[in-house]
Amino acid sequence: MIKNHKLINHLKLLAIACTLSACGGGGGGNDLHFNSTLNANVIGLEETSGLFLKVNDKEIEPINKPGTAALASDLPVGNSFNVSIQKQPEDFQWCSLQNNAGVISENGNMVDVTCTTSGVLVSTIASGVFNVTRSMVMDQAGNLYVSDNDYVVRKISPDGTIDLYTGRPGIAGTTDGIKGTATISQNLGGMAIDKDGIIYFTDQGGLIRKIEKDGRISDYFTMSRDRSDFFNVGGRNTSLKGLAFDSAGDLYVADDGQRVVYKIKKSDKTISIFAGTPYSAGQVYAIANPVPKDGAVGVGYLNGMWGLAIDKDDNLHVTDVTHKYRKIDRAGVISTPATFDLPGGTTIRQVTVDKYKNIYLSGITPSINPPLTSAPIIKLTPNGKISMLAGKSGTLAGYADGVNSEFMLSNEVRGLILDQDGHLIISDANNRAIRRMIPAAP
């Protein structure tokens, strides 16, 4: 027992000596390494997009929500650290770092991350050839197709080359045929593109037409012929606007005249009312501008529709002229997630949705009583946060590229879509230009 006791004391003394004299070392210093943690306190980040950081130039997993986030758990105490932003969130958020460099302490370190709505940088993609730009779609290769009031659709390649895709400049009509003979009316409304790159568009009230990849135009669906009982019901003209495809390839069409959204099945082209209540001259609620009302088919009312978009879960998103954004779930039930405080006479015309379910809307401000004010572009997050990316109160209309307060839009944005990078593509109608909006520092 005595010998064991002496041995234990000897080992304790040896351990202390090793600590003080750098056992196994040589050269002095403390070679016993203790690790500690590096965390981030994240404020203001919407639970939608990823903030990509680096710790000492090493990429780490993206941060996707507010709160405490672990950055590293194995950094030696006493070593220096540096946290930098590799990539900002792509959905118009902007984050900044504080306390992001220093020396790792035994109790760990905390980096402060503060996020808010980003600023924006607006540039021109194409101009100089358009009459008035309207609806747009983009294919998987990044080619942009723009409807023009000159009765044509123009194609903008990723390198900026602009070509006439189909239609006849200056000649209106609804004639089917090959490129060079087919015509488009000035009433082209919405556009959508399917998985095969075929473009569909609404035309002349009750027509849905399609454009093959070689520019050939043909009728896909004619309301007066294929479903006459839905056409011009109750003395109210059919007026087809926005289009969108769901994940199964079924087509949804907004009819602003009849105040409903139709669903056309891909398999047999059967059409049904998916959402809204059809206009009828004999119904009390069906006045010229009915008050929007939520609910299922036959209960909910839609009003002043133009734009139509669909998200990855096949929920529909619809514009409403009364400064409202309407959502239609997969069962056809209408809800009103947001109402916007916009100047009188401003109308919401287009809507698009990103992969994080952020909603972006654009509109038109009155063209009377100059000076004209800028068209609004609004972001609505899944959590209900509303941000004005363009067209804040009092902002004048004009034409200028630039960042934040430097850029100017016309009073009409008639098309709004997202590219593959999550950036907004803007059909700036009265500037006769296609513009791009990307996040920038506030």
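Worth saying up front: this structure is predicted, and the values here are computed from it rather than measured.

Topic: the packing of aromatic side chains
Part 1 of the reasoning: In total, this model carries six aromatic pairs according to the counting rule given.
Part 2 of the reasoning: Ring geometry for Y252 versus F274: centroids 5.1 Å apart, planes at 70°, classification edge-to-face. With Y252 in strand β19 (residues 251-255) and F274 in strand β21 (residues 271-276), this residue pair connects regions lying 22 residues apart in the sequence. Comparing Y252 with F274, the two get one shared label, buried.

Overview of the pairing of strand β20 (residues 260-264)
Look at any regular strand and the pattern is simple: side chains alternate between the two faces of the sheet.
Part 1 of the reasoning: The buried count for β20 comes to four of five residues, which makes it a mostly enclosed element.
Part 2 of the reasoning: Relative to β20, β19 runs antiparallel, the two sharing five bridges. The residue of β20 that forms the bridge with Y252 is K263.
Part 3 of the reasoning: In this antiparallel pair of consecutive strands, β19 and β20, the connection spans four residues, and R259 shows a positive phi of 65°.
Part 4 of the reasoning: The pairing of β20 with β21 spans five bridges and is antiparallel. Along β21, the bridge assignment pairs Y262 with I273.
Part 5 of the reasoning: Where β20 hands over to β21, the hairpin turn is made up of six residues, of which K269 adopts a positive phi near 65°.

Observations regarding the nonpolar core
Part 1 of the reasoning: In this structure, L38, L53, I63, L71, V83 and V113 are the most contacted members of the largest nonpolar core, which totals 21 residues.
Part 2 of the reasoning: Among the elements that take part in this core, strand β4 (residues 67-76) stands out by supplying four residues, more than any other.
Part 3 of the reasoning: If near-sequence neighbours (up to four positions away) are discounted, I63 is found in contact with V42, L45, S49, G50, L51, L53, A69 and L71.
Part 4 of the reasoning: In this structure, Y220, M223, V253 and I264 belong to the second largest nonpolar core, which totals 17 residues.

Focus: the side chain of D250
Part 1 of the reasoning: Along the chain, the position of D250 falls in the loop between β18 (240-245) and β19.
Part 2 of the reasoning: Look past the residues within four positions of D250 in its chain and what remains in contact with it is A244, F245, K263, I264, K265 and K266.

Some thoughts on the pattern of salt bridges
Any two side chains of opposite charge can pair, so long as their charged atoms come close to each other.
Part 1 of the reasoning: Summed over all chains, the structure comprises 18 salt bridges.
Part 2 of the reasoning: Note that K263 is salt-bridged to D250, the shortest N-O span being 3.9 Å. Here D250 lies in the loop between β18 and β19 and K263 lies in strand β20, a separation of 13 residues in the sequence.
Part 3 of the reasoning: When salt bridges with common partners are traced through the structure, they connect D176, D203, R209 and D219 into a single cluster.

Side note on the layout of surface pockets
Part 1 of the reasoning: Estimated volume of the second largest pocket: approximately 280 Å³.
Part 2 of the reasoning: The dominant element in the lining of the second largest pocket, judged by the number of residues it contributes, is strand β29 (residues 386-390), at three residues.
Part 3 of the reasoning: Here the lining of the second largest pocket is composed, by residue class, of eight nonpolar, eight polar and one charged.

Criteria and thresholds
- Counting from 1, residues in each chain are numbered in the order their sequence is written.
- It should be noted that, the model being predicted, local features are given only for residues of pLDDT at least 70 and side-chain atom pairs only at 80 or more, the latter also being counted only at that level, while totals for whole chains, interfaces and linings use all residues.
- Excluding hydrogens and water, the side-chain figures rest on all heavy atoms present in the structure.
- Planes of paired rings set the category: under 30 degrees apart is stacked, over 60 is edge-to-face and the rest tilted, where pairs are Phe, Tyr or Trp rings (Trp by its six-membered ring) whose centres lie within 6.5 Å.
- The secondary structure listing takes helices from DSSP runs of H or I that are at least 4 residues long and strands from runs of E that are at least 2 residues long, numbered from the N terminus.
- Per-residue accessibility, obtained with a 1.4 Å probe over protein chains only, is compared with the maximum for each type, and a residue is labelled buried under 20%, exposed over 50%, and partly exposed between these values.
- Note: two strands are recorded as paired if DSSP finds a minimum of 2 bridges between them.
- Joining through side-chain atoms within 4.5 Å is the link that ties buried Ala, Val, Leu, Ile, Met, Phe, Trp, Tyr and Cys residues into a set, and such a set is a nonpolar core.
- Any two residues having at least one pair of non-hydrogen atoms within 4.5 Å are treated as being in contact.
- We define a salt bridge as a contact between a side-chain nitrogen of Lys or Arg and a carboxyl oxygen of Asp or Glu at a distance within 4 Å.
- The rule is simple: put a 1 Å grid over the protein atoms alone, call a set of points where a 1.4 Å probe fits but cannot get out a cavity, call an open set with protein on both sides within 12 Å along at least five of seven lines a pocket, and count a residue as lining if it has an atom within 4 Å of a point.
- Grid points are joined across faces, edges and corners, and a volume is the space filled by probe spheres set on the points.
- For this classification, Asp, Glu, Lys and Arg are treated as charged, while Ala, Val, Leu, Ile, Met, Phe, Trp, Tyr, Cys and Pro are nonpolar and the rest, including Gly, are polar.

That's the geometry; what it means functionally is another story.
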